[in-house]
Amino acid sequence: MENEPERTSGAGVRADISVGTGADIADDEQAGSAADIDVVVIGAGIGGLYAVHRFRTDGLTVQAFEAADGVGGTWYHNRYPGARCDVESVDYSYSFADELQQEWDWSERYATQPEILEYLNHVADRFDLRRSIEFGTRVTAAHFDEATDLWNVTIEAARTDGAARGRRLTCRHCVFATGSLSVANFPEIPGLGDFTGRVLHTAQWPHETVDFTGLRVGVIGTGSSGIQLVPEVAREAASVTVFQRTPNYSIPAANRPIDDVERREQKATYGERRRKSRLSGGGSPFIPHEKNTLEVDAAERERVYEHSWNLGGVLFSKAFPDQMRDEHANQLAREFAERKIRSVIADQSVADHLIPTDHPIGTKRIVTDSGYFQTYNLDHVELVNLRRTPIDRITADGPVTVGGGDEAARLHELDVLIFATGFDAVTGAMDAIDTRGRDHRSLSAAWSDGVRSYLGLMVAGFPNLFLVNGPGSPGVLANMVLASEHHVDWIADTIGQLRSDGRRSIEPDENAQDDWMAECARLADQTLFPRADSWYLGANIPGKPRVFMLYPGGFGNYRKVVQELTDAGYEGFALR
Ligand code: FAD
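Scoring rules and cut-offs
- Residues numbered from 1 in each chain as written.
- Predicted model: local features only at pLDDT ≥ 70, side-chain atom pairs only at ≥ 80, totals over all residues.
- Heavy atoms only, no water.
- Helix = DSSP H or I, 4+ residues; strand = E, 2+ residues; numbered from the N terminus.
- Rg over C-alpha atoms; globule rule 2.2 N^0.38 Å.
- Areas by Shrake-Rupley, 256 points an atom, 1.4 Å probe, with all protein chains shown as cover.
- Lys, Arg positive; Asp, Glu negative; His and termini not counted.
- Charge placed at Lys NZ, Arg CZ, Asp CG, Glu CD.
- Core = buried A, V, L, I, M, F, W, Y, C linked by side-chain atoms within 4.5 Å.
- Buried < 20%, exposed > 50% of the residue type's maximum accessible area, 1.4 Å probe, protein only.
- Contact = heavy atoms within 4.5 Å.
- Pairing = 2+ DSSP bridges.
- Axes fitted to C-alpha atoms, helices over the stretch in contact; angles between N-to-C directions.
- Parallel < 35°, antiparallel > 145°, perpendicular 65-115°, else oblique.
- Nonpolar A, V, L, I, M, F, W, Y, C, P; charged D, E, K, R; others polar.
- 1 Å grid on protein atoms, 1.4 Å probe; cavity = no way out; pocket = protein on both sides within 12 Å on 5 of 7 lines; lining within 4 Å.
- Points joined across faces, edges and corners; volume = space filled by probe spheres on them.
- pLDDT = per-residue confidence, 0-100.

## A few points about the overall build of the protein
Now for step 1: Secondary structure summary: the protein contains 15 helices and 20 strands in total.
Now for step 2: Taking 25 Å as the expected radius of gyration for a compact globule of 576 residues, we find that the protein reaches 24 Å, a close match to that expectation.
Now for step 3: Counting only C-alpha atoms, the protein reaches 70 × 60 × 50 Å along its principal axes.
Now for step 4: Summing over all exposed atoms, the protein offers an accessible surface of approximately 23,100 Å²; the carbon and sulfur share of this is 47%.
Now for step 5: Placing the 58 positive and 85 negative side-chain charges of the protein at their respective mean positions leaves the two points 2 Å apart.

## Quick word on the nonpolar core
Now for step 1: Phe 55 and Tyr 94 are the most contacted members of the largest nonpolar core, which totals 63 residues.
Now for step 2: When residues in this core are grouped by element, the largest group, seven residues, is from helix H13 (residues 480-500).
Now for step 3: When sequence neighbours within four positions are dropped, the list of residues in contact with Tyr 94 reads Gly 45, Ile 46, Leu 49, Tyr 50, Leu 100, Gln 101, Tyr 119, Leu 120, Val 123, Arg 274, Val 481 and Glu 485.

## Overview of the pairing of strand E5 (residues 150-157)
Now for step 1: Summarising burial for E5: six of the eight residues are buried, a large majority.
Now for step 2: Sheet topology places strand E4 (residues 137-145) next to E5; eight bridges connect them, and they run antiparallel. Residue pairing across strands places Asp 145 opposite Leu 150, the latter belonging to E5.
Now for step 3: As consecutive antiparallel partners, E4 and E5 are separated by four residues, and within that stretch Asp 149 has a phi angle of approximately 60°, a positive value.
Now for step 4: Sheet analysis places E5 next to strand E6 (residues 167-176), joined by five bridges and oriented antiparallel. Within the sheet, the bridge partner assigned to Trp 151 lies in E6 and is Cys 171.

## Concerning the environment of Asp 194
Now for step 1: Inspection of the secondary structure assignment puts Asp 194 in the loop between E6 and strand E7 (198-201).
Now for step 2: Asp 194 sits 211 residues away from Gly 405 along the chain, and the two C-alpha atoms are 28 Å apart.

## With respect to the packing of H13 against helix H15 (residues 555-567)
Now for step 1: Their axes nearest at 12 Å, the elements H13 and H15 cross at an angle of 5°. One way to sum up the angle between H13 and H15 is to call them roughly parallel. Contacts from Leu 482, Ala 483, His 486, His 487 and Trp 490 in H13 reach Phe 555, Tyr 558, Arg 559, Val 562 and Thr 566 in H15.
Now for step 2: Considering only residue class, the contact of H13 with H15 consists of six nonpolar, three polar and one charged.

## Quick notes on empty space enclosed by the protein
Now for step 1: Counting across every chain of the model gives six cavities of 30 Å³ or more.
Now for step 2: Approximately 50 Å³ is the volume attributed to the largest cavity.
Now for step 3: Along the walls of the largest cavity sit Val 90, Gln 101, Trp 104, Asp 105, Trp 106, Ile 258, Arg 263, Gln 266, Lys 267 and Tyr 270, which together make up its complete lining.
Now for step 4: Broken down by element, the residue count for the lining of the largest cavity peaks at three residues, all from helix H6 (residues 260-268).
Now for step 5: Class assignment for the residues of the lining of the largest cavity results in five nonpolar, two polar and three charged.

## Topic: the confidence of the model for the protein
Now for step 1: In the predicted model, the protein carries a mean pLDDT of 92, and 93% of its residues have values of at least 70.
Now for step 2: Contacts of residues 1-32 to residues separated by more than four positions or lying in other chains number 75 contacts, the stretch itself having pLDDT below 50.

Below is the structure:
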């Protein structure tokens, strides 16, 4: 099924530019106000692929660069066993072409990573997107030239010894479709380099099957990836040791195959499904109960929780409309979840470690699992609570945990150590590019006290630089396929407007940006989200400024706000 595309050299690019020709920076000092290309897109995941399609359809010249050797982004990189979407496949798919919706058959309610990657390769082929993408190529810098209003983009081979020289091209517009979860986070643990076993990271998983049969496997991290992975590894491994720093809420996926009858029904009602999704808080066609938690009696509450629980996964956080705002409401939902989780764990002292007590339910992404908690009923699966007995160092044979309570210091001998430790989320990939706007000011400097953007789409001082699912947009709080389509459509419409008005650039006003970030903070403060040390706040990355990085007002409301500001003549933006 793996569909590794051949590396292209940007065959869709105008012949006179240097991309793919091997020209280096020294040979390529182009100046003047004519751009090599209209739009450079960085990344060929769900957002970048649609961007290439939409901009080309609008008659723009487009060049995309992708560090990986194939399309798919998240679904190219995260090949670990158990990887699945947690928004239903039928909703977690493009809406821009009805013929695509009608011809693609999802096999399960929540598709596996191979099936999603196959779908994205199908999209790339069907819309002939590969000819505009250069694979194995990383964008390392993007500098704005105030004299020409163009971006100078520097690209390098993604896998080099650091000696390779960059190539450069100019573009009028630059689109960062670099992904919210695309920079893997490796915690610094002393001695990791000494470990003689195999080290893996869920977000950089090898392409070949990893056989765990007979091996002693350790997994560090119990977020989404770890929780999806552990039951799969436990099926093969001789032993599994799960190192947990923070327990997370996880809810059964209620996954099942989609049969022909259901598929026909879904395809016949796609229009309505999408309409509801675009109006909803999370970008899928589900709405909470019409009443608040305490406006119904205990029996009705139990019925609603049970229904939401059976819908599966993240949908539980939408049981009642006040669940993410009201502490008491959240506590009742939390207690229901705790009862459910305890009921499938044989040893209640293990359950005590597995059930979170440090954050309201839903303030960290609720994981969608397939038999995670039951895995701890197996004799060969052990939980190590790092809050009690942290890892002191890693030795040649495995991690050593310090003693704590009645537990002695201990060496955990392993053959394989898997990091399921997540990402430098939302901003990691954007920050990694040396991006300079007006006055040569860097994006990292602009974000040094916390991320700032206007609508999650643009940053003041960085004209014609567009973000897909940037900080300050609903991003990872929504169905990211529809969220990406929304951003790309706005960017394409905006570029079209600039061109038809004979303008060269657009950028947000500082004041509008300040007001937007204040609005995001105000809305976040009305929720329970800031109560959790989550990656939504950057809490998993040492030194990252703590800012709630997303717009928590709901996908439907966000779309409405963006539309109103745009209709009001791009309020908050300066167009030149
Ligand atoms: P990505 O898919 O991350 O693609 C970005 C691409 O940009 C990457 O391929 C990267 O290599 C490339 N790139 C980055 N920087 C550079 C550079 N400087 N130069 C060149 N290339 C670069 N979201 C949901 O809404 N529902 C789900 O069910 C869901 N499940 C998920 C499951 C997992 C295991 C993970 C990790 C994430 C999941 N997500 C889910 C979030 C997911 O990231 C998004 O849904 C979506 O795939 C993001 O698409 P994207 O194009 O924005 O970014």
